[in-house]
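# Overview (structure and organization)
These are the residues of each chain, in order.
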Amino acid sequence: MIWIDVATPKYAMFFMVMIKELAKRNHKILVTTRYAPHYTEAKEILELHKIPHIVLGEYGGETLLEKFEARIFRQKEILDLFKARGVPKVLICGAVVDSVQVAYGIGIPVVNIYDTPAFTKPGDEEFSYELTAVARLTLPFSKLFFYPFILPKELMLRFALNETQVESYPFIDVALWINAIKKEAKNDFRIRYGMDISKPTILIREEEYKAHYVKEKIPTIYEVIPLLRAQLDANLVIMPRYEKERLKNDFGAIAVVLEEKLRPEEFYPFIDLFIGGGGTMNLEAVCYGIPTISTRSIWLIHDQYLIKNKLMFWTQDCDEILKIAKEMLGKRVESQSYFIKGACNFERMIERIEKEILC
């Protein structure tokens, strides 16, 4: 049995593709995820794509104490599940602390597939790496570790792994699902929400400000919303990260606050500008060719890569956001050659896992 632990929306999308490939090879698969009333997206994506899964534990909240308590609780639920259903032969995950440490502790080989092991301050052109807490707590326990080609191999070796354990793959993760999107009028979320489809549409996404690596909640993305409404004749759409009711109270009169989890094909084809405080959706938007403005409080290697190659803008200044929005609204970004450098599939990864762990 292969255990896949899905902890974030991004890895729900990523492993959705991998699960289908593993099923074609007749592997028995156990999919687990986390859920909390304020953080529902990973589970919702699995449900949207009809992937059977088991919910174990929840997200721990904002403080380190809450996160640690939630981790202990979830690890106990994982162990109880294995007592009832048997111990898997391998864990595959995106560097999930809960599952990696359980797996390592009871002798299950760990395969990590991860793309955000380090960050730096915005504007750091040299990228002086600071390893993330999650990476420190998970990657050293890897039997195998796969990562996208834009990450330097020397960074991977800082996790006490040897060269035979680490391998890059020739695509940036989001290309797996974004490049499969086709624009179809029947999917247009704007119609469902009663928007004027003759106007351009701007999608706004908060930063994941409760994540361990975010030091402060940057106000820019909230401050710019009324300014966009005043200066642009466009549909404004907010995709909540956590607390949709608060956003509806603050901005419901001037913007559409999405009530549900949408599939990528329901919104990306109908967006003319994206303003995001996060990572995955910024990458998705750029990959799809949408002009993208990042307000993120940190830079990961992806952020630096996109900015260096002039594929994404970064600013925390409202006036600059307005200026870029006016210039770029509705234009296209030619980005495909930066996202795919080879076969965009899991064949090589699965073959190594089968040969070195499942044989």
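Residues numbered from 1 in each chain as written. Predicted model: local features only at pLDDT ≥ 70, side-chain atom pairs only at ≥ 80, totals over all residues. Heavy atoms only, no water.

### A few points about the sheet that holds strand β1 (residues 2-6)
Pairing within the open sheet is parallel, and its 7 strands lie in the order β3-β2-β1-β4-β5-β8-β9. Each edge of the open sheet carries a strand with a single partner, namely β3 (54-55) and β9 (166-169). As defined by bridge partners, strand β8 (residues 144-148) adjoins β9 across 4 bridges and the pair is classed as parallel. The residue of β9 that forms the bridge with Pro 148 is Tyr 169. (Pairing = 2+ DSSP bridges. Helix = DSSP H or I, 4+ residues; strand = E, 2+ residues; numbered from the N terminus.)

### Thoughts on the sheet that holds strand β12 (residues 256-257)
As summarised here, the arrangement of the 6 strands in space is β12-β11-β10-β13-β14-β16, forming an open sheet in which the pairing is parallel. Each of the sheet's edge strands pairs with one partner strand only, and the pair in question is β12 and β16 (313-314). As judged from the 2 bridges shared by strand β11 (residues 235-239) and β12, these two strands associate in the parallel manner. Across the sheet, residue Val 237 finds its bridge partner in β12, namely Val 256.

### Some points on the packing of helix α9 (residues 220-231) against helix α14 (residues 318-328)
Two elements in contact, α9 and α14, have axes separated by 9 Å at closest approach and are oriented at 50°. Put simply, α9 runs oblique to α14. For the element pair α9 and α14, the recorded crossing hand is right-handed. Two secondary-structure elements touch here, α9 through Thr 220, Glu 223, Val 224, Leu 227, Leu 228 and Gln 231 and α14 through Cys 318, Ile 321, Leu 322, Ala 325 and Lys 326. Here the contact of α9 with α14 is composed, by residue class, of 7 nonpolar, 2 polar and 2 charged. (Axes fitted to C-alpha atoms, helices over the stretch in contact; angles between N-to-C directions. Parallel < 35°, antiparallel > 145°, perpendicular 65-115°, else oblique. Left-handed = near helix turned anticlockwise from the far one by under 90°. Contact = heavy atoms within 4.5 Å. Nonpolar A, V, L, I, M, F, W, Y, C, P; charged D, E, K, R; others polar.)

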